[in-house]
Amino acid sequence: VDARGWFCPLAAWESGIDPDRLVVVRCPDPGRWVASSAALLEGVRAVYAEIPAGVRDQDLRRLAALARARRSGLVLRPLRGDLPAGVLHLRLRAVGVEWDGIESGHGSLGRRRLVLQASGRGAAGIERTIEVEDDGADTLRVVSGLATTAGRRAAG
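What counts and what doesn't
Residues numbered from 1 in each chain as written. Predicted model: local features only at pLDDT ≥ 70, side-chain atom pairs only at ≥ 80, totals over all residues. Heavy atoms only, no water. Patch = residues over 30% accessible without salt bridge, like charges linked within 9 Å, V, L, I, M, F, W, Y side chains within 5 Å. Areas by Shrake-Rupley, 256 points an atom, 1.4 Å probe, with all protein chains shown as cover. Salt bridge = Lys/Arg side-chain N within 4 Å of Asp/Glu carboxyl O. Helix = DSSP H or I, 4+ residues; strand = E, 2+ residues; numbered from the N terminus. Buried < 20%, exposed > 50% of the residue type's maximum accessible area, 1.4 Å probe, protein only. Core = buried A, V, L, I, M, F, W, Y, C linked by side-chain atoms within 4.5 Å. Contact = heavy atoms within 4.5 Å.

J.: When you look at a nonpolar patch on the surface in this model, what are you seeing that I'm missing?
T.: A contiguous nonpolar surface patch, about 290 Å² in accessible area, is contributed by Leu10, Trp13 and Ile17. By secondary structure assignment, the location of Ile17 is in the loop between α1 (9-14) and α2 (30-43). On the accessibility criterion, Ile17 (38% relative accessible area) is partly exposed.

What follows is the structure, encoded as structure tokens:
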């Protein structure tokens, strides 16, 4: 659910999302956003939704409960503020990205490394660092237990 109108379907397709399995709903109105998101959770396996300003905390809690009941994936991204208590299961925060092979916007991707911090109930209450590598192909490789050190080298 795209509240800002910034989502680019072409970028999603280029990253490997099947165009026949992608639905984009543009909805900045808080009242309609809640109804649209709930309807999507009833019929699809996973929803990514930007939360526009004005959506009530209780509506977010109901959506989270619906997602749990339907066993659907729900990723919520607040455009302002934070998620209310009782909604957050796993928080992912990008803390670093490193590109190899591309200089000044030219060249081909040799490797991209993204370092994420995961926290919340879904991470058993422990903050974890996850490193994801991409060599320019359509596959991502998660390197378990690795973190980037100050010297920009992988350490286990």
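J.: Looking at this structure, I do not really get the nonpolar core. What am I missing?
T.: Across soluble globular proteins, nonpolar side chains have a tendency to be buried as a group. Within the largest apolar cluster, 18 residues are counted, with the highest numbers of intra-cluster contacts made by Val1, Trp33, Ile51, Leu60 and Leu76. Elements with a minimum of two residues in this core: α2, β1 (46-51) and α3 (57-70). Apart from residues no more than four positions distant in its own chain, Leu76 is found in contact with Trp33, Ala49, Ile51, Leu60, Leu83 and Val87.

J.: Hey, could you run me through the environment of Arg112 in this one?
T.: Within the element layout of this structure, Arg112 appears in strand β4 (residues 106-119). Looking at Arg112, the relative accessible area reads 27%, which means it is partly exposed. C-alpha of Arg112 to C-alpha of Trp99: the two residues are 13 residues apart in sequence and 4.6 Å apart in space.

J.: How should unusual backbone geometry be read in this particular structure?
T.: The general pattern is negative phi for most residues beyond glycine and trans for most peptide bonds. Positive phi values are uncommon outside glycine, yet Arg71 reaches one of about 55 degrees. Its location among the elements puts Arg71 in the loop between α3 and β2 (73-78). Note on Arg71: relative accessible area 79%, which makes it exposed.

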